[in-house]
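# Understanding the architecture of this molecule
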Amino acid sequence: MTTVLLLLGLRWLPVRRQEVWPGDTVPLRVSARRSTDLVIAIVAGTFIALLAFAVMTRPLPDMISRYFIENAYKQGGGRNVVNVILVDFRGFDTLGEITVLAIVALTGYSLLRRFRPARESVAAPVQQRVQHAFDAAQPDRAVGDTLTDYLWIPRLIMEWLFPFILVLAVYLFIRGHDLPGGGFAAGITMSVALILQYMAGGTRSVEARLRIRPLRWIGGGLLCALATGAGSLTFGYQFLSSYFRYVDVPLIGSVPFATALLFDLGVFSLVVGATALILIALAHQSIRTPRPFPRLQSEPVIAKGEPL
């Protein structure tokens, strides 16, 4: 999911220089700058790798992790130690982290709201122009048919995966307090379902079928997390103190329930909303009307009917 978002962002960045054709030479200052960047990257990467190796190959001292392992079920009511730490022992830290995530999503959306791609990035990629030219040269094809044919089967598979991924997200959310999962993992899983739909059908197609309200998801998630924390104050406990017990459910039996589940629900809602908001801001760049710009001198022109 992170890779897809990064590629969407890189799609609209201006190019560093025009494409070098055979016979062209790269300026000396450009080669020197890139060589310097390469040396810095190698030195920094080597240092981090050696530091990680040194840390992971030495015995750990007696740290606070032992306390979390011994008291996760006794005090937090869950066997997934990581999730109990996030929503119970260090719930206030998690509340701050999801607040920062909401701020980042809103800031990114605000910056991209009036953003216009660089003039070098507005034109369709060369491969897409070649495919469109091929379609235009054929009397029995319309422009865009080649792209549609290429993605026909993957698009169908990605659309059918949507309900299954949603079920998986709910499953991860419910089991997160005792087994691997939780609100953050479930939110990321549901975000992947949305990204697949954008990749398969495009921005207009997805938003015509799915009514996504990311701001409501973000606001609702923060309010749910805050309300869960404030609920403990009404019973005389510290902010974000959790309570757990076993509840008898008809036809199911005794089921563990913890108030941290409501806090996890807020995390889930906010993660989905923040990811969807950034995704929408990036995806809308492809449907905005580009500003007129002169054709680059190095950009090849493909005439209609020209053999490919």
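Right, let's walk through the structure included here. Keep in mind that this is a model prediction, so the values were computed, not measured.

What counts, and where the lines are drawn
- Residues numbered from 1 in each chain as written.
- Predicted model: local features only at pLDDT ≥ 70, side-chain atom pairs only at ≥ 80, totals over all residues.
- Heavy atoms only, no water.
- Salt bridge = Lys/Arg side-chain N within 4 Å of Asp/Glu carboxyl O.
- Buried < 20%, exposed > 50% of the residue type's maximum accessible area, 1.4 Å probe, protein only.
- Helix = DSSP H or I, 4+ residues; strand = E, 2+ residues; numbered from the N terminus.
- Phe/Tyr/Trp six-rings, centres within 6.5 Å; stacked < 30°, edge-to-face > 60°.
- Lys NZ or Arg CZ within 6 Å of the ring centre and 35° of its normal.

A few words on the pattern of salt bridges. Tallied over the full model, the rule gives 3 salt bridges. Between Asp135 and Arg141 there is a salt bridge, with the nearest N and O atoms lying 3.1 Å from each other. Residue Asp135 is classed as buried on the basis of its relative accessible area, which comes to 0%. For Arg141, a relative accessible area of 27% puts it in the partly exposed group. Where Glu159 meets Arg155, a salt bridge forms, and the shortest distance between an N and an O atom there is 3.3 Å. Placement of both Glu159 and Arg155 in helix α9 (residues 152-175) is noted, with a separation of 4 residues, approximately one turn of the helix. Of the residues examined, Glu159 reaches a relative accessible area of 25% and is grouped as partly exposed. Of the residues examined, Arg155 reaches a relative accessible area of 30% and is grouped as partly exposed.

Scanning the entire structure with this criterion turns up 6 aromatic pairs. Where Phe92 meets Phe239, the ring centres are 6.2 Å apart and the plane angle is 80°; that geometry is what we call edge-to-face. One end of the pair, Phe92, is in helix α5 (residues 91-113); the other, Phe239, is in the loop between α12 (214-234) and β1 (244-249), and 147 residues separate them in sequence. Taken together through their ring pairs, the aromatic side chains of Tyr67, Phe68 and Phe89 make up a single cluster. Seen from the ring of Tyr73, Arg79 lies directly overhead, with NZ or CZ sitting 4.4 Å from the centre.

Structural measurements only, silent on function.
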